[in-house]
Amino acid sequence: MSRVAPTRRILRVKDAVPTRRIDSLAAEEPLEIRLDGTPLTVTMRTPGDDFDLAAGFLVSEGAVSSAADIETIRYCAGATVDGGNTYNVLDVRLAPGVPAPAPRNFYTTSSCGVCGKASLEAVRTVARWSAADDPVELAQSTVATLPDRLRAAQRVFDRTGGLHAAGLFTADGEPLCVREDVGRHNAVDKLLGWALRDGRLPLRGTVLMVSGRASFELVQKAVMGGIPVLTAVSAPSSLAVELAAEEGLTLIGFLRGTSMNVYTGERRLNVTPGAGNGSADAPPPR
C-alpha cells in the first residue's frame, strides 16, 4: 500500500446507481521534527520529501539560511514500542555555532501552520533577504500559464484529488520544483527545503505559485526564502496583502486563465493588451 496515496474500498453513488470501487486517498500522517534530540514541532503532512519539509520549516522560522547550517537530518529509529521506525520522527542537527530557534508552541496542522504561533508579533519573522529590491519583471501572458503548469505536475493529485501544490518557477515560466501535500504551508516548506539543500537560497528572480488561497503565512514563507512574487488561484487574506506590501512582494490572487488580481507590487507585471493564455508546455520540474 502506498503511504502517499493509500487505497480504500468505497461505495460510489452516481445518478442513483451504487457501485463498489477502490479509491485512492491523500495520505495524512504526523511528522515530529526534533532539533538536536529535543522535540520542536509536530505537523500533519503527506509523507514524502520529509527532509525538505524539515529544512524548509527551519528556513521559514529564520533558523537557517544555507545547507551548511544543517549538519544532519535523519529518521529516528525506535519510534515505536517494539523499536521499529515509523518514518514519522525526524531529528535535525544544526551545525556548530548555529543557534536554535526560540522555544514556543510549534504545534501545527495540515490546514493552518500559523495556529501554533504565540502572537502576531512572533509571526513577523525577520527576513534575511529583501524581496523589495528584486528587479524581476514578468509578462502577464507568462503568469497566466502558471496554474496549468502547476496542475500538470500534480501527480498525486491526479490519483487522490486531495492535495495542495506549490510550484517554483523562473520569470519565464519554467518549472524548477513542485511539491504536493495535504497542507499548503507544508508544500511551500518542502520547496524551501529543496532550495536550501540545493544551495539556491535566496530564490531571487523566481515566482511561487500555490494551488489555494494566499494566507499571511505563505507570504511570510515567500519572504523568508527571498522569493519576490507569490501567485495563487484563490484569494489572499487582508493580513497577507498587508505583509506583502510592507515587504515589497508582488502578490497576485484569483489567477485563472488570463484573469488575475494584482494586490501589491504591480511594477513587476508587464501587461500586454490582448495577450492570450500562452502555452503550458514545459519540461518537468525536479
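Just above sits the structure.
This text gives an overview of the structure that appears in the document. (Residues numbered from 1 in each chain as written. Predicted model: local features only at pLDDT ≥ 70, side-chain atom pairs only at ≥ 80, totals over all residues. Heavy atoms only, no water.)

Some details on the pairing of strand E2 (residues 17–24)
Which entries qualify depends on this criterion: Two strands pair under a simple rule: DSSP has to find at least two bridges between them. Going along the chain from the N terminus, every DSSP run of H or I of four or more residues is numbered as a helix, and every run of E of two or more is numbered as a strand.
Where strand E1 (residues 7–14) lies against E2, eight bridges are found, and the strand directions are antiparallel. By the bridge assignment, arginine 9 is partnered in E2 with isoleucine 22. If you look at the hairpin formed by E1 and E2, you'll find two residues sitting between the two strands, and aspartate 15 has a positive phi there, around 55°.

A look at the environment of valine 210
Note the following rule: Burial classes: relative accessible area under 20% of the type maximum marks a residue as buried, over 50% as exposed, and values in between as partly exposed (1.4 Å probe, protein chains only). Note on definitions: a residue-residue contact is assigned when non-hydrogen atoms from the two residues lie within 4.5 Å.
For valine 210, the position within the fold is in strand E10 (residues 206–210). A relative accessible area of 3% places valine 210 in the buried class. The spatial distance from the C-alpha of valine 210 to the C-alpha of leucine 230 is 7.8 Å, given a sequence separation of 20 residues. Discounting chain neighbours no more than four positions away, the residues touching valine 210 are Leu150, Ala165, Ala166, Val188, Leu218, Leu230, Thr231, Ala232 and Val233.

Examining the sheet that holds strand E6 (residues 89–94)
Note the threshold: Orientation is described by lines fitted to C-alpha atoms, with helices fitted over the stretch in contact, and by angles between N-to-C directions that extend from 0 to 180 degrees.
With mixed pairing, the four strands of this open sheet are ordered in space as E4-E3-E6-E5. The open sheet is flanked by strand E4 (38–45) and strand E5 (70–75), the only strands paired with a single partner. Pairs of neighbouring strands in the sheet enclose a mean axial angle of 20°, with direction left out of account. Sheet topology note: the strand E3 (residues 29–35)/E4 ladder contains seven bridges and is antiparallel. Paired with proline 30 across the strands is methionine 44, a residue of E4. Across the face of the sheet, helix H1 (residues 50–60) comes into contact with E3, E4, E5 and E6 while running at roughly 135° to E5. Against the sheet, helix H6 (residues 184–197) engages E4 and E5, with an angle of about 120° to E4.

That is the geometry; function is a separate question.
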